[in-house]
Amino acid sequence: MTLDLDISHACAVTDISVDAALEGMSILITSAIDRNIPARTTHSQRVATLAASIAEELNLSLKEVERIYLAGLFHDFGKLFLPSNVLIKREPLSEDDWSFIQLHPQLGATFLEHVPPFHDLAKDVLHHHERIDGRGYPRRLSGEDIPIGARIIAVAESFDAMTALDSYRTSLQQDIAGDILIQDSGTQFDGGVVQALLAVLDRRRPHVRSTLEANINAKR
Ligand SMILES: [Fe+2]
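Residues numbered from 1 in each chain as written. Predicted model: local features only at pLDDT ≥ 70, side-chain atom pairs only at ≥ 80, totals over all residues. Heavy atoms only, no water.

Q: So what about the coordination of the iron ion? Which residues, and what values?
A: Only D76 (OD), H104 (NE2), H128 (NE2) and H129 (NE2) from the protein coordinate the iron ion, and they sit 2.1 to 2.3 Å from it. With 4 donor atoms in place around the iron ion and angles of 86 to 175° between them, the coordination shape is irregular. In the primary sequence, the donor residues of the iron ion line up as D-x27-H-x23-H-H. You can see D76 sitting in the loop between helix 3 (62–74) and helix 4 (84–87) and its partner H129 sitting in the loop between helix 7 (122–126) and helix 8 (148–163), a full 53 residues away along the chain. (Donors = N, O, S within 2.8 Å, 3.2 Å for Na, K, Ca; no water. Tetrahedral: all angles 85-135°; square planar, octahedral: opposite > 155°, others 65-115°. Helix = DSSP H or I, 4+ residues; strand = E, 2+ residues; numbered from the N terminus.)

Here it is as structure tokens:
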């Protein structure tokens, strides 16, 4: 068995000073959540990094950005307590399977809220599957009743699930995934958070932007 996980990175988001020991321990723990997915970086790490970038884009305070980064790492912590045959199932999930899966936000939050310094993360973890229209789980919160960290993680997680090469589904191009998130703004996702994600992606692809700008300038 080869283990090819890249878990040695430091915080990938500039200006964040999450304590190195706390971050390292968090990455080690949360790598176990993604143990069934072979990849160089894990879903949890990618969601954490993207969520922190979105939080920065929304001008949240450094303290909030750091909290959202860690909550992103731990968002699926509750899956550690679910049967792995449900988590790795490739066939359509049964009603019972879904009942198990939908326990994971509450399970994760219940453990985190009792353990300092992680208790600040519990609310974002608990509500990361709520929907803006109130049809999510576990509490059916809607709009701004959903904590901002949870709204950000929901967008980052969905984007990563659609685009990751290690996804069980065929991965989508980032532009197509962005269009899906825009379509679902105001129902599943917070539209402002989706716009912030698109701005982050635009900045991550300077070559695309510089090509577009060069084309525009050439036409002037
Ligand atoms: Fe989740």
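Q: How would you sum up the packing of helix 8 against helix 10 (residues 191–204)? Please name residues and give values.
A: Here helix 8 crosses helix 10 at 55°, and the two axes come no closer than 10 Å. Relative to helix 10, the element helix 8 lies oblique. Crossing of helix 8 against helix 10: the hand is right-handed. Residue-level contacts link I148, R151, I152, V155 and F159 of helix 8 to V193, V194, L197 and L201 of helix 10. Considered class by class, the residues forming the contact of helix 8 with helix 10 number 8 nonpolar, no polar and 1 charged. (Axes fitted to C-alpha atoms, helices over the stretch in contact; angles between N-to-C directions. Parallel < 35°, antiparallel > 145°, perpendicular 65-115°, else oblique. Left-handed = near helix turned anticlockwise from the far one by under 90°. Contact = heavy atoms within 4.5 Å. Nonpolar A, V, L, I, M, F, W, Y, C, P; charged D, E, K, R; others polar.)

Q: Kindly report on the packing of aromatic side chains, identifying the contributing residues and their values.
A: Applying the stated criterion across every chain yields a total of 5 aromatic pairs. Judged by centre distance (5.6 Å) and plane angle (75°), the rings of F74 and F77 are edge-to-face. Note on F74: relative accessible area 1%, which makes it buried. Its relative accessible area of 12% is what places F77 among the buried residues. (Phe/Tyr/Trp six-rings, centres within 6.5 Å; stacked < 30°, edge-to-face > 60°. Buried < 20%, exposed > 50% of the residue type's maximum accessible area, 1.4 Å probe, protein only.)

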